[in-house]
Amino acid sequence: MAEPAISFQDVTRRYPQKAAAGDVVALQDIWLDVPQGAVTGIIGRSGAGKSTLLRMVNGLERPSSGKVIVNGHDVGAASDASLRAIRREVGMIFQHFNLLASRTVAENIALPLEIASEDPARIPARVGELIERVGLTAQASRYPAELSGGQKQRVGIARALATAPRVLLSDEATSALDPDTTRQVLELLQSINRELGLTILLITHEMGVVRDICSHVAVIEAGRIVEAGETYSVFSRPGHATTRSFLQGVTGVAVPHFVAGQLRDTPQDASAEAVVQVTFTGRHATDPMLARLTAERGVSVNILAGAIEEIGDKPFGSLIVGLPSGRLDESRRFLEEHGLMTEVLGYVG
Ligand SMILES: Nc1ncnc2c1ncn2[C@@H]1O[C@H](COP(=O)(O)OP(=O)(O)OP(=O)(O)O)[C@@H](O)[C@H]1O
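Since the model is a prediction, treat every value here as computed from it, not as a measurement.

Focus on the site of the ligand
Here is step 1: Around the ligand sit Y15, V24, A26, G44, S46, G47, A48, G49, K50, S51, T52 and H205, and that is every residue in its neighbourhood.
Here is step 2: Elements with a contribution of two residues or more to the shell around the ligand: β2 (24–34) and α1 (50–55).
Here is step 3: At three residues, the largest contribution of residues to the shell around the ligand is made by α1.
Here is step 4: Class assignment of the residues belonging to the shell around the ligand gives a composition of four nonpolar, seven polar and one charged.

Considering unusual backbone geometry
Here is step 1: The phi torsion at D29 lies on the positive side, around 50°, for a residue other than glycine.
Here is step 2: With respect to the element layout, D29 can be found in strand β2.
Here is step 3: A positive phi angle, close to 55°, is found at N98, a residue other than glycine.
Here is step 4: Within the secondary structure layout, N98 lies in the loop between β6 (90–94) and α3 (105–115).

Focus: helix α4 (residues 123–133)
Here is step 1: Every buried residue belonging to α4 is among V127, L130 and I131, and all of these are buried. For α4, the angular spread of the buried residues around the axis is 100°, confining them to a single face. With respect to the buried face of α4, the exposed residues turned more than 90 degrees away are A125 and E132.
Here is step 2: Where α4 terminates, the next one or two residues include G135, which has phi positive at roughly 75°.

Looking at the pairing of strand β12 (residues 302–311)
Here is step 1: The pairing of β12 with strand β13 (residues 314–324) spans nine bridges and is antiparallel. Paired with I308 across the two strands is G317, which belongs to β13.
Here is step 2: As consecutive antiparallel partners, β12 and β13 are separated by two residues, and within that stretch G312 has a phi angle of approximately 55°, a positive value.

Remarks on the domain arrangement of the protein
Here is step 1: Here the protein is described as being made up of domain 1 (6–241) and domain 2 (251–348).
Here is step 2: Taking only C-alpha atoms into account, the centre of domain 1 sits 38 Å from that of domain 2.
Here is step 3: Taken together, the contact between domain 1 and domain 2 spans seven residues of the former and seven residues of the latter.
Here is step 4: Ranked by the residues each element gives to the side of domain 1 that touches domain 2, the list is headed by helix α8 (residues 231–236), at four residues.
Here is step 5: Residue composition of the side of domain 1 that touches domain 2, grouped by class: two nonpolar, three polar and two charged.

Conventions adopted
- Residues numbered from 1 in each chain as written.
- Predicted model: local features only at pLDDT ≥ 70, side-chain atom pairs only at ≥ 80, totals over all residues.
- Near = placed C-beta within 6 Å.
- Helix = DSSP H or I, 4+ residues; strand = E, 2+ residues; numbered from the N terminus.
- Nonpolar A, V, L, I, M, F, W, Y, C, P; charged D, E, K, R; others polar.
- Buried ≥ 20, exposed ≤ 12 C-beta atoms within 10 Å, placed from the backbone.
- Arc of directions from axis to C-beta.
- Pairing = 2+ DSSP bridges.
- Domains from an automatic or database assignment.
- Contact = placed C-beta atoms within 7 Å.

Listed below in structure tokens is the structure:
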């Protein structure tokens, strides 16, 4: 196994509070390896600790205990001089772009090169290359106020790439953008990842971003990582309730309103219908298992909602079905024996 690009080793971050209120524990006991060359997403709700985690990678925050190792350097223990060197290897993009209003697109992109004391004669060619990569050649002399949100983020990306970093951090980079622009910016990040082999670590509160570009994901809740792994396996077998609730929005499958209003925790009588979420992955995604459940076992299946999509080029499907509660155990066993996952959401009737 290659060395991880970033390794959080038993990291805790406390913010001391005045008086007797006790410390705020923003992160606790974090162990996480971010693979080289991968796009890894950290997903969590507001206040979960995402920004704190991300800011440790370029030394904007230091751990209260534990280590953050980036490209082999211990960031928390780095002196100011070595921190400057580490930061040249770590670019960052932001939700609100953080561009200088008084500088043109080209001048914004040149800024990190000037700060890094790059030979001034070489800067225009490097800036031209970066502008072309992000598709802003026609806008090179414009000011940020004359750009759309998507174009501003492209400038942010070009600026972050200027010093040829090995790691790119993204702090909710698409949260201020509309869905179409979000998709285009994510595609740009994905092509940069593939073509430059750059490791990307992004934070988001949208599972759609994880689905679209992250090969790996970690779910963070109240300062702890509750689940982490390859996106596809986390999506197929979410082990934590928080992951499942994030997933509901992205698989495009939710219990229809007319059913949701009637759902109960237990069946009222033998005629009740169990509402079950069935998840399909890999080759099973295309197997007609539900049809076989009906044909081979005589169990009637009532399809309430469903969608099949691709995650990391692999098929992933999710269906919500009604099954007779009296045949529930047997039906679940049949489906699970054939590689499908099932989860009972409740009962109607
Ligand atoms: N400088 C600070 N002083 C005290 N508490 C802080 C400080 N910075 C962050 N916190 C607290 O640490 C916790 C994690 O904050 P953090 O900003 O990392 O969360 P987040 O997941 O990025 O949230 P959001 O999505 O809203 O940006 C929160 O409870 C926050 O209030």
